[in-house]
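So the chains spell out like this:
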Amino acid sequence: MSMPICIIVSPVQESADEAIEGRLHLVDSHDPQVPVTDLGVTRGDGIFEVIGVVHGRPLALDAHLRRLANSAAMLDLPALELEAIRAAVLKTIDLDEHREELSVKIVVTRGVEGTGVPICWVLSFQTDDHRAERAEGIKVVLLSRGYPHDIAARAPWLLTGAKTLSYAINKAALREAARRGADDVIFTSTDGYVLEGPSASLIMKFGQRIWTPSTAQGILRGTTQGAAFEVFGRLGFATAEVLVGVDQLAAADAMWLASSTRLLAPVRLLDEHDVPVDHDLTDTVNAALLDTAR
Ligand code: PLP
């Protein structure tokens, strides 16, 4: 197996005349690169993005960089120089022999305690094969996230809606789904609204309307959902970001979990209820998403 490509980036510009290329450092991804005192390691204090790469092109790179900047602002990290990070992503892809199809992760941590200097790296890795999930659909359970739907406005310090490195809860929810014989999760609010998956956005179809839960509920703005909505719009559907009650799900005539490397995976079972799967529409939208990389 070939080695993942890893580039360390200085994410905060120190002087205006510093060339971007000089701030990207290709390192050996098997060597230790992050100090044991790094706050990302010791406290999960940092942010990340995962970008799908198809035909050597990153999908929705601008949207990922915008979300990274938004997460950085929510965590009061220093302003990131996105052009250096973009250059690192493109160089990582260029250097990886699997660039036809892979994933690229951007990580920014708060850095070593006391320094106030963030650490950023960009790493390539091979994408799991999601073709079966796209074709056959997935089994999903509803799990409570434990917050009301307006938590982001009530308690912004909880950082709901930022893509932080603290994904232990998201992973625990996926293990709970596995214990219940399911593949994935849709989180619900304590006051009865649907939110998102632990690593995916929810998209629902009600006739000619395509909905996703509103990001005002402290959920991530999905880059795949955003790109998929453009495709649904071109196909003549009316798209909207709305509040959707758990009790409305039974009326959906299709449902998907959407994320960067998996794209749209149709939900075929929600708790113990069958959900209709629209194979043609799923294939059409996924093909259009993959096509944006051409
Ligand atoms: N919601 C959460 C909590 C996520 O972690 C992710 C992606 O990892 C998404 C939604 C989907 O985002 P994207 O489509 O940009 O991958």
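It should be noted that the structure appears before, not after, this text.
Here the structure is a predicted model, which means the values were calculated and not measured. In this convention, every chain numbers its residues from 1, walking through the sequence in written order. The predicted nature of this model means local features are confined to residues of pLDDT at least 70 and side-chain atom pairs, given and counted, to a pLDDT of 80 or more, with totals for whole chains, interfaces and linings taken over all residues. Excluding hydrogens and water, the side-chain figures rest on all heavy atoms present in the structure.

Enquirer: Looking at this structure, I do not really get the pairing of strand β9 (residues 201-206). What am I missing?
Expert: Looking along a regular strand, one sees side chains alternate from face to face of the sheet. Most of β9 sits out of view: six of its six residues are buried. Side chains Ser 201, Ile 203 and Lys 205 project from β9 onto one buried face, and the interleaved Leu 202, Met 204 and Phe 206 project onto a second face that is buried too. Think of it this way: DSSP has to see at least two bridges between two strands before they count as a pair. Put simply, DSSP marks the helices as runs of H or I at least four residues long and the strands as runs of E at least two long, and each gets a number from the N terminus on. Inspection of the sheet shows β9 paired to strand β12 (residues 254-259) by five bridges, in the antiparallel sense. Within β12, the residue paired with Ile 203 across the bridge is Trp 256. Here β9 pairs with strand β10 (residues 209-213) via three bridges, running antiparallel. Each residue of the ladder has a partner; that of Lys 205, found in β10, is Ile 210. Accessible area is worked out with a 1.4 Å probe on protein chains only. A residue is then buried under 20% of its type maximum, exposed over 50%, and partly exposed in between.

Enquirer: What exactly am I supposed to notice about the pattern of salt bridges here?
Expert: Any Lys or Arg side-chain nitrogen found within 4 Å of a carboxyl oxygen on Asp or Glu counts as a salt bridge. Under the counting rule described, the total for this entry stands at 15 salt bridges. A salt bridge links Arg 131 to Asp 129; the nearest nitrogen and oxygen atoms lie 2.7 Å apart. Residue class for Asp 129 comes out exposed when judged on its relative accessible area of 52%. The partner of Glu 196 in a salt bridge is Arg 145, with the nearest N and O atoms 2.8 Å apart. One end of the pair, Glu 196, is in the loop between β8 (184-188) and β9; the other, Arg 145, is in the loop between β7 (138-144) and α5 (151-154), with 51 residues separating them in the sequence. For Glu 196, a relative accessible area of 8% translates into the label buried. Assessed through its relative accessible area of 24%, Arg 145 is described here as partly exposed.

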